[in-house]
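# Notes for the structure review
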Amino acid sequence: MTSTSQRRYSVLASSALLTATLLLSPAPGTVMANQTGKQQAAAHLQENQLSEKAKQTEQKLQMLVPALDDTSRHITLETKDQPVYEIRYEKNNEFFARADIYAETGKLLTFYWDSKVQDFKNPDDKLAYKSADTFMKGLIGEMCSLYKVTRAPVGDVIYSRYVNGIEVVGDEFRLSVNSAGQVTHVSGGENTDKHQSS
């Protein structure tokens, strides 16, 4: 096969894949079945439709990341194993940040902020720990004392919960801190929501 026909084939394959993806993607607000056969719905909501606990978490995020103040918000409620709000923040009609918050408990599942800081190096340990500690105390308050803090080789700061000296598997927070000391990503472990109180 010549290089021209190879290029033509890969363009056709890409076009076919894009078309199939668009045709098979469910429209917003539709009901879908997940892998276990349970139905899940995605519904678009207004800010005043967030549960009270989710509002509290979202307000904490705004205090911890003041850059979220002048953003527009697009909120979707997705029902999976548990109902989760996906809040997409935009500035000037461009993606800025995203938060996933459990609807019933208000616990943060993930947060990602595109801080626009060109980051090719990790912050030093002191800055990373200080930024992560400030963020976690603002997010979960006194519960922070139940977590042991470690640093991952990739530069993340990890909060793992221990009970009687034994690590609670899956109850952790992983925070990414950029070289400017900004927390740009937070993800909770699979069991984090089950062990926290507000």
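Coordinates for the structure precede this section.
The shown structure was predicted, so the numbers you read here are calculated from the model rather than taken from an experiment.

The rules behind each value
Residues numbered from 1 in each chain as written. Predicted model: local features only at pLDDT ≥ 70, side-chain atom pairs only at ≥ 80, totals over all residues. Heavy atoms only, no water. Helix = DSSP H or I, 4+ residues; strand = E, 2+ residues; numbered from the N terminus. Buried < 20%, exposed > 50% of the residue type's maximum accessible area, 1.4 Å probe, protein only. Contact = heavy atoms within 4.5 Å. Areas by Shrake-Rupley, 256 points an atom, 1.4 Å probe, with all protein chains shown as cover. Expected span 1.5 Å × (residues − 1). Arc of directions from axis to C-beta. Polar contact = N/O pair within 3.5 Å; in protein donor to acceptor, adjacent residues only side chain to side chain. Pairing = 2+ DSSP bridges.

### Brief notes about the overall build of the protein
The secondary structure content of the protein amounts to four helices and 10 strands. Tracing the protein from N to C terminus, the helices and strands come up as α-β-β-α-β-β-β-β-α-β-β-β-β-α. A total of 198 residues make up the protein; the buried ones form 37% of that total. If you take every contact in the protein between residues at least 6 apart in sequence, the share linking residues at least 24 apart comes to 44%. Carbon together with sulfur atoms contributes 53% to the accessible area of the protein, which is approximately 12100 Å² in total.

### Structural notes on unusual backbone geometry
Trans peptide bonds make up most of the peptide bonds, and negative phi angles are found at most residues other than glycine. One non-glycine residue, Asn-92, lies in the positive phi region at around 55 degrees. Structurally, Asn-92 can be placed in the loop between strand E4 (83–91) and strand E5 (94–102). Asn-92 gets classed as exposed once you look at its relative accessible area, which sits at 75%. Of note in the backbone geometry, Asn-93 takes a positive phi value of approximately 60 degrees without being a glycine. Tracing the chain through its elements places Asn-93 in the loop between E4 and E5.

### Notes on helix H2 (residues 52–64)
For H2, with 13 residues, the first-to-last C-alpha span of 19 Å sits near the 18 Å given by 1.5 Å per residue. The set of residues buried in H2 consists of Ala-54, Thr-57, Glu-58 and Leu-61. Seen from one end, H2 has its buried residues packed into an arc of 100 degrees, which puts them on one side. Opposite its buried face, H2 presents the exposed residues Glu-52 and Met-63, each directed more than 90 degrees away. If you follow the buried residues of H2, they end up packed against strand E3 (72–79), E4, E5, strand E6 (108–113) and helix H3 (125–140).

### A short note on the side chain of Asp-156
Tracing the chain through its elements places Asp-156 in the loop between strand E7 (147–151) and strand E8 (157–163). With a relative accessible area of 12%, Asp-156 lands in the buried category. A polar atom in the side chain of Asp-156 sits 3.5 Å from the side chain of Arg-174. At 3.0 Å, the side chain of Asp-156 forms a polar contact with the side chain of Ser-176. Contact partners of Asp-156, with chain neighbours within four places excluded, come to Thr-150, Arg-151, Arg-174, Leu-175 and Ser-176.

### Section: the pairing of E7
In this structure, E7 lies alongside E8, joined through five bridges in antiparallel fashion. The residue of E8 that forms the bridge with Arg-151 is Val-157.

### Examining the pairing of E5
Looking down a regular strand, the side chains alternate between one sheet face and the other. One ladder, built from eight bridges, connects E4 with E5; its direction is antiparallel. Residue pairing for E5: Val-84 is matched across the bridge by Tyr-102. As consecutive antiparallel partners, E4 and E5 are separated by two residues, and within that stretch Asn-92 has a phi angle of approximately 55 degrees, a positive value. Across five bridges, the pairing between E5 and E6 is antiparallel. Residue Ala-97 lies in a different strand from E6, and its bridge partner there is Trp-113. With antiparallel pairing between neighbouring strands as the criterion, E5 and E6 make up a hairpin whose turn holds five residues, including Gly-106 at a positive phi of roughly 75 degrees.

Function cannot be read off these values alone, since they describe shape.
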